Amino acid sequence: MGRWKLNPTETRHSRAGVTLIELIIAMGILTILVSGILPLSYMTYKRSKEIELRQNLRVIRKAIDEYKKMVDDGRIAMELDSTGYPATLEILVEGVDSNDPDPIKYKFLRRIPKDPMTESGEWGLRSYADTPDSDMWGGQDVYDVYTQSDEQALDETYYRDW
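Report follows, based on the coordinates. (Residues numbered from 1 in each chain as written. Predicted model: local features only at pLDDT ≥ 70, side-chain atom pairs only at ≥ 80, totals over all residues. Heavy atoms only, no water.)

1. What to know about the overall build of the protein chain
- Within the protein chain, the secondary structure is distributed over 2 helices and 4 strands.
- Going from N to C terminus, the protein chain has its helices and strands arranged as α-α-β-β-β-β.
- For 162 residues, the compact-globule estimate of 2.2 N^0.38 gives 15 Å, and the protein chain exceeds it by more than 25% at 31 Å.
- Here the C-alpha coordinates of the protein chain stretch approximately 105 × 40 × 20 Å along the principal axes.
- Each of the 162 residues in the protein chain was classed as buried or not, and the buried ones make up 28%. (Helix = DSSP H or I, 4+ residues; strand = E, 2+ residues; numbered from the N terminus. Rg over C-alpha atoms; globule rule 2.2 N^0.38 Å. Buried < 20%, exposed > 50% of the residue type's maximum accessible area, 1.4 Å probe, protein only.)

2. Some remarks on unusual backbone geometry
- In the Ramachandran plot, Glu156 falls in the positive-phi region, its phi being about 70 degrees despite a non-glycine side chain.
- Locating Glu156 in the fold gives a position in the segment after strand E4 (144-146).
- You can call Glu156 exposed: its relative accessible area is 60%.

3. Concerning the pattern of salt bridges
- Under the defined criterion, the tally for this structure stands at 7 salt bridges.
- Asp144 is the salt-bridge partner of Arg61, the closest N and O atoms lying 3.4 Å from each other. Placement of the pair is Arg61 in helix H1 (residues 20-72) and Asp144 in strand E4, with a sequence separation of 83 residues.
- Accessibility expressed as a relative area gives 26% for Arg61, which makes it partly exposed.
- On the basis of relative accessibility, which here comes to 23%, the residue Asp144 falls in the partly exposed class.
- The residue Lys68 makes a salt bridge to Asp72 at a minimum N-O spacing of 3.1 Å. With Lys68 and Asp72 both in helix H1 and 4 residues apart, the pair spans about one turn of that helix.
- Residue classification places Lys68 among the buried positions, given a relative accessible area of 18%. (Salt bridge = Lys/Arg side-chain N within 4 Å of Asp/Glu carboxyl O.)

4. Observations concerning a nonpolar patch on the surface
- Together, Val18, Leu20, Leu23, Ile24, Met27, Leu30, Val34 and Leu38 make up a nonpolar patch on the protein surface, roughly 810 Å² of accessible area in all.
- Note on placement: Ile24 falls in helix H1. (Patch = residues over 30% accessible without salt bridge, like charges linked within 9 Å, V, L, I, M, F, W, Y side chains within 5 Å. Areas by Shrake-Rupley, 256 points an atom, 1.4 Å probe, with all protein chains shown as cover.)

Structure follows, in C-alpha cells:
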C-alpha cells in the first residue's frame with residue numbers, strides 16, 4: 001500500500017511534457033499576437049506625440065495672441081516700427097513691464113514648450129512679414145510657430161502645416 005502505482009489507463013507517453021508540435025503552435029499564436037500589438041503600440045505612441053504637439057502649439061499661440069491683445073489695448077509699450085507681436089519666444093517667458101501707472105511685469109508662459117516631433121525640440125518661427133509657407137524666419141517678431149518635422153501625421157497631413 002505504501003507504493004505508488006500507475007493508473008492502468010495512463011501510459012508513459014501521456015505523462016510527458018509539452019510536445020514539439022504544441023510548442024510550435026504556441027509560438028505561432030504568440031507571434032501573431034505580438035505582430036498585432038506592435039503596430040498598435042506605435043500608433044498609440046505617434047498619436048500621443050500628435051496630441052502633445054497640438055497642445056503645445058495651442059499654448060504658444062494663445063500666449064502670442066494675449067501679448068498682441070495687450071499691445072493693442074495699450075497695456076504694453078510698442079515701438080513705432082513694431083507689429084505688436086513679441087520679438088522672441090523668450091520674451092513670453094521673461095515677461096514685459098506694463099504701461100500702467102502702477103507697473104507690473106506680465107508673463108505669458110512659464111516655459112517654452114518643446115517640439116515633441118523633433119530631436120532638438122526647437123520650433124520653427126515666422127514673423128508677420130514672412131509668407132505663410134516660409135521656412136526662414138525674418139527675425140522681426142514672432143507671429144507664428146510650427147514644427148520643423150517633415151513627417152506626416154496619422155491623418156496624412158504634414159506636421160509643419162498644423
